[in-house]
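# Fold and geometry: a report
Listed here are the chains, written in short residue letters.
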Amino acid sequence: MTVGVLGGGQLGRMLALSGYPLGQRFVFLDPSPECTAGQVGAHIVGAYDAEEKLTEIARRSDVVTYEFENVPVAAARFLEELVRVFPPSRALEVSQDRLAEKTFFTDLGIGTPAFREASSREELAAAVAHVGTPAVVKTRRFGYDGKGQYVVRSDADVGPAWDALGAARLIVEAFVPFEREMSIVGVRGRDGDVRFWPLSENVHRGGVLRVSTPMSDAWTEALQRQAEDIATRVLRELSYVGVLAIELFVLPDGTLLANEMAPRVHNSGHWTIDGAETSQFENHVRACLGAPLGSTRMVGFSAMINAIGAMPVAADVLRVEGAHLHSYGKDASPGRKLGHVTVRAESRAELAEQLARLMPVVDPP
Ligand code: AMP
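Rules used throughout
Residues numbered from 1 in each chain as written. Predicted model: local features only at pLDDT ≥ 70, side-chain atom pairs only at ≥ 80, totals over all residues. Heavy atoms only, no water. Core = buried A, V, L, I, M, F, W, Y, C linked by side-chain atoms within 4.5 Å. Buried < 20%, exposed > 50% of the residue type's maximum accessible area, 1.4 Å probe, protein only. Helix = DSSP H or I, 4+ residues; strand = E, 2+ residues; numbered from the N terminus. Domains from an automatic or database assignment. Phe/Tyr/Trp six-rings, centres within 6.5 Å; stacked < 30°, edge-to-face > 60°. Pairing = 2+ DSSP bridges. Right-handed = clockwise from strand over helix to strand, strands pointing away. Near = heavy atom within 4 Å. Polar contact = N/O pair within 3.5 Å; in protein donor to acceptor, adjacent residues only side chain to side chain. Nonpolar A, V, L, I, M, F, W, Y, C, P; charged D, E, K, R; others polar. Salt bridge = Lys/Arg side-chain N within 4 Å of Asp/Glu carboxyl O. Axes fitted to C-alpha atoms, helices over the stretch in contact; angles between N-to-C directions. Contact = heavy atoms within 4.5 Å. Arc of directions from axis to C-beta. Parallel < 35°, antiparallel > 145°, perpendicular 65-115°, else oblique.

Counting residues in each nonpolar core, the largest one holds 31 residues, and the members touching the most others are F26 and W197. Looking at this core element by element, the count peaks at five residues for helix α10 (residues 280-289). Viewed by domain, this core spans two of them, domain 1 (2-85) and domain 3 (180-362), each represented by three or more residues.

Shown next, in the form of structure tokens:
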């Protein structure tokens, strides 16, 4: 069978690399002639809203999925008339607008930071007054990795926040004094089977994910159950098929608040390639194909470090026992995700040791 993928970045590339052993073929639609997934699969160069390109990928595919959540919802709806598309377009629609997303979570009884929308300077001031300071002002759409955000610490910051972001429709969120950030990655099959990988603890710098550690020291059964309950509500409500990730804030009392969801494979699940019985990529492909899902059991202890802006010297990574290098075949530029390294060990103590050796190599300060 052929899996069509909207988007040709590293997530698409890793989907293909996990799907080939299952005997699948891949075709990507991406506007960039240089996209990294084009190195490992057929590539249609075109815009996501070009109907003739969408028709072509539908014709060449048995099932279509996406690896990028800013694909226009209209494109997914257009495709849904021609071919099976997973996850459903409503998942895209909800996750593309932070206001729709937080409203969706709230309607499902899932806790979020307090939020209010704001479309004018006056509404922004009123929204900040409502949620209190500090507050985080975010653009409702096209924000990622902390881009399109402004932290308002006092009323005096409202004017500058409006000047910085007011061109777009905004959401104001209470600033959450979280203890740590975690994410739950799960998968739902076409038959409704649902599996979750262990919660990952995520460390960000400059709004960008640096290190993900599944089942870290902070992991508890209670947190896992709470996160699975949150994600199960979302998966069921959307009749979801495929991998879904939800980013969570952990409060000091152990309560989880949902920050955002990604209707796709997720950076905090990359460790599953080397550290789980079945990776998020393989299970996403299995789900899209209607095949049985694989075990999400963790194998040993692992952690993933992103290589951002520069790739580490390969030999420096490979000489560390248990380290697995994943290069995305991209040209280096500042802030660009170029690859990642997963390190796997037999114990948490050994993992900490190997991680300490790898951090200066992969993510120098
Ligand atoms: P986002 O683009 O919403 O994932 O935000 C990027 C990062 O900013 C998150 O991973 C958090 O570290 C931080 N952040 C976002 N929203 C809030 C919030 N309401 N309170 C505190 N920190 C936040």
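Our next topic: the domain arrangement of the chain. Entries for the chain in the domain assignment read domain 1 (2-85), domain 2 (114-174) and domain 3 (180-362). Computed over C-alpha atoms, the centres of domain 2 and domain 3 are 30 Å apart.

Scanning the entire structure with this criterion turns up five aromatic pairs. Seen in terms of ring centroids, Y48 and F68 are 5.6 Å apart; in terms of plane orientation they differ by 35°. Their pairing is tilted. Remark: F68 occurs in the loop between β4 (63-66) and α3 (73-80) and Y48 occurs in the loop between β3 (42-45) and α2 (51-60); sequence separation between them is 20 residues. When the centroid spacing of 6.4 Å and the interplanar angle of 50° are considered together, the rings of F104 and F105 count as tilted. This pair shows no difference in class: F104 is buried, exactly as F105 is. Grouped by ring-pair contacts, the aromatic residues Y20, F26 and F28 constitute a single cluster.

Turning next to the pairing of β4. By the alternation rule, side chains of β4 split into V63 and T65 and V64 and Y66, which are all buried. As paired elements, strand β1 (residues 2-6) and β4 share four bridges and run parallel to each other. What sits directly across from V3, in β4, is V63. Two strands pair when backbone bridges link them, and β4 and strand β5 (residues 84-85) are joined in this way by two bridges, in the parallel orientation. The partner of V64 across the bridge, within β5, is V85. Once the chain exits β4 it traverses α3 before rejoining the sheet at β5, and the crossover so formed is right-handed.

This brings us to the site of the ligand. In the vicinity of the ligand lie 16 residues, with K138, Q149, V176, E181 and E260 positioned nearest. Within the backbone of V176, an N or O atom sits 2.8 Å from a nitrogen atom of the ligand. At 3.5 Å from an oxygen atom of the ligand is found a side-chain nitrogen or oxygen belonging to E247. Residue composition of the shell around the ligand, grouped by class: six nonpolar, four polar and six charged. Formed jointly, the shell around the ligand draws a minimum of three residues from each of two domains, domain 2 (114-174) and domain 3 (180-362).

Going through the model one piece at a time under the given rule, you end up with 20 salt bridges. Where R77 meets E93, a salt bridge forms, and the shortest distance between an N and an O atom there is 2.9 Å. Of this pair, R77 sits in helix α3 while E93 is found in helix α4 (residues 89-96), placing the two residues 16 residues apart along the sequence. With its nearest N and O atoms 3.6 Å apart, the salt bridge here joins D217 to R348. Of the two residues, D217 sits in the loop between β13 (208-214) and α8 (221-237) while R348 sits in helix α12 (residues 348-362), which places them 131 residues apart along the sequence. Look at the salt bridges and you will find they share partners, linking D97, E117 and R140 into a network.

With that out of the way, let us pick up the sheet that holds strand β8 (residues 149-152). One open sheet accounts for four strands, arranged β6-β9-β7-β8; its pairing is antiparallel. The open sheet has two edge strands with one neighbour each: β6 (115-118) and β8. Along the sheet, successive strands turn relative to each other by an average axial angle of 25°, direction set aside. Pairing of strand β7 (residues 135-139) with β8 involves four bridges; the strand directions are antiparallel. Considered in β8, the bridge of V136 is made with V151.

The residue R195 is located in strand β11 (residues 194-196) in this model. With 88 residues separating them along the chain, R195 and N283 place their C-alpha atoms 9.4 Å apart. Residue contacts for R195: discarding those within four places in its chain leaves G186, V187, L293, G294, S295 and T296.

The next subject is helix α7 (residues 158-165). Here α7 has its buried residues at V158, A161, W162 and L165. The buried residues of α7 occupy an angular sector of 100° when projected down its axis, which confines them to one face. Away from the buried face of α7 by more than 90 degrees, exposed residues D163 and A164 are located. Looking at the packing, one finds that the buried side of α7 touches α6 (121-131), β7, β8 and β9 (170-174).

The contact between helix α1 (residues 10-19) and α10 brings their axes to 8 Å, and the two run at 75°. On the basis of their axis angle, the class for α1 and α10 is roughly perpendicular. Residues L11, M14, L15, S18 and G19 of α1 form the contact with α10, whose participating residues are F281, E282, H284 and V285.

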